[in-house]
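Take a look at the letters that make up each chain.
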Amino acid sequence: MKKRLLIAGGSGLIGTALIKEANPDQWDITILSRQPGPGRVIWDPVANTINLQKNETFDAIINLAGASVTDGRWTAKRKKEIYESRVNAGRALENYLKDGRLSTPFYLGVSGIGIYGDRGNEVVNEQTPILHQDDWLIKTTIDWEEAHQRIADLGIRTVIFRTAIVLSIEGGALKEILGKPGFGVLSYFGNGRQIWSWIQMEDLIRLFFFSLEHQQINGTFIAASPHPVPNKRLTQTLNKFLSPKRLVMGVPKIVMSLILGETHRILFESCNASPAKIESEGFQFKYPEIEKALADLMIRK
């Protein structure tokens, strides 16, 4: 008999990859969506409603819901949307799990390494104190994780992954870098020394299923390759796999600030995140090095 998986945020970049990689002989997947369609259940996290016809039990619930932090400027309206899309999704699922309209033995929620802020070359892990908690992005991530944690408080085995920059040819940072019309130029940002923690999409999906299948895994983990790289090196490595090669140039911080407003800080913050905790549980990265990760992605391109 197939296992049942419910995905919130299933139509996004990570959700789409998750559905593609899930073995169709093992998993029957339902998506929570605002739009109707096959295999979908309509929900409205703001209104705290999920359109269930009866009480439903799933073998796992994965919550990927959340508006992109990189889509446009952080206006007051956009900040509100980013915050509420994350927190409200967790609260809606919590309410339905609390009263039994939904039930599951396993819940997985994502957050981000943005919770650490700009930490330079300091190696951070799950025990690292969170600083500057009044910062908007950090507070948003804290509250996002608290929404996940309330589900753990119901007695459900819960895993929270603080995800690094996800590398995929389908979208996200890599597609943005490749897709910018730069007249044969690839850009890094500022001096390019800021550390970018990253994870190849295939490894992220493998992490999800690894945590689902191993009952002892519980709590918060960093989802990042064991070998983060400076932003400039990532761009230079990417250029190795392009034909023809492009000119690699730095873009001054002031320029990106004028173009993106406050959103530009994501490009310049440095976070050296360690996945040692999940590795200690037995997980092995298929793409631990940036060269191998990019080579695989560019071959598929």
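Each remark here, short or long, concerns the structure printed above.
Predicted model only: the values in this text are computed from it and were never measured. (Residues numbered from 1 in each chain as written. Predicted model: local features only at pLDDT ≥ 70, side-chain atom pairs only at ≥ 80, totals over all residues. Heavy atoms only, no water.)

Draft legend 1. Main features of a nonpolar patch on the surface. The grouping of Ile254, Val255, Leu258 and Ile259 at the surface amounts to a nonpolar patch, some 400 Å² of accessible area in total. Checked against the element boundaries, Ile254 lands in helix H7 (residues 253–260). A relative accessible area of 56% places Ile254 in the exposed class. (Patch = residues over 30% accessible without salt bridge, like charges linked within 9 Å, V, L, I, M, F, W, Y side chains within 5 Å. Areas by Shrake-Rupley, 256 points an atom, 1.4 Å probe, with all protein chains shown as cover. Salt bridge = Lys/Arg side-chain N within 4 Å of Asp/Glu carboxyl O. Helix = DSSP H or I, 4+ residues; strand = E, 2+ residues; numbered from the N terminus. Buried < 20%, exposed > 50% of the residue type's maximum accessible area, 1.4 Å probe, protein only.)

Draft legend 2. Looking closely at the pairing of strand S10 (residues 157–163). Most of S10 sits inside the fold, with seven of its seven residues counted as buried. Sheet analysis places strand S8 (residues 106–112) next to S10, joined by seven bridges and oriented parallel. Its bridge partner being in S10, Phe106 is matched across the sheet by Arg157. Bridge analysis of S10 against strand S15 (residues 219–223) gives five bridges, and the strand direction is parallel. For Ile160, the partnering residue across the bridge sits in S15 and is Thr220. (Pairing = 2+ DSSP bridges.)

Draft legend 3. Representation of the nonpolar core in the model. Phe161 and Phe208 are the most contacted members of the largest nonpolar core, which totals 34 residues. Contributing elements (two or more residues each) for this core: strand S1 (3–8), helix H1 (13–21), strand S2 (27–33), strand S6 (60–63), S8, S10, helix H5 (201–213) and S15. Every residue in contact with Phe161, bar those within four places of it in the chain, is listed here: Leu108, Gly109, Val110, Ser111, Leu207, Phe208, Ser211, Phe221, Ala223 and Ile278. (Core = buried A, V, L, I, M, F, W, Y, C linked by side-chain atoms within 4.5 Å. Contact = heavy atoms within 4.5 Å.)

Draft legend 4. Inspection of the pattern of salt bridges at higher detail. The tally for this structure, following the rule as stated, stands at 17 salt bridges. A salt bridge links Arg150 to Glu94, with the shortest nitrogen-to-oxygen separation between them at 3.2 Å. Here Arg150, found in helix H3 (residues 136–152), pairs with Glu94, found in helix H2 (residues 76–98); they are 56 residues apart in sequence, far enough to count as distant. The exposure class of Glu94 is buried, given its relative accessible area of 8%. Linking Asp143 and Lys139 is a salt bridge whose minimum nitrogen-to-oxygen distance equals 2.9 Å. Here Asp143 pairs with Lys139, and both are found in helix H3, just four residues apart, close to one helical turn. Asp143 sits in the buried class, given a relative accessible area of 13%. Take Lys139: its relative accessible area is 39%, and that puts it in the partly exposed class. Three or more residues joined by partner-sharing salt bridges are found here, namely Lys79, Asp135, Glu262, Arg265 and Glu269.

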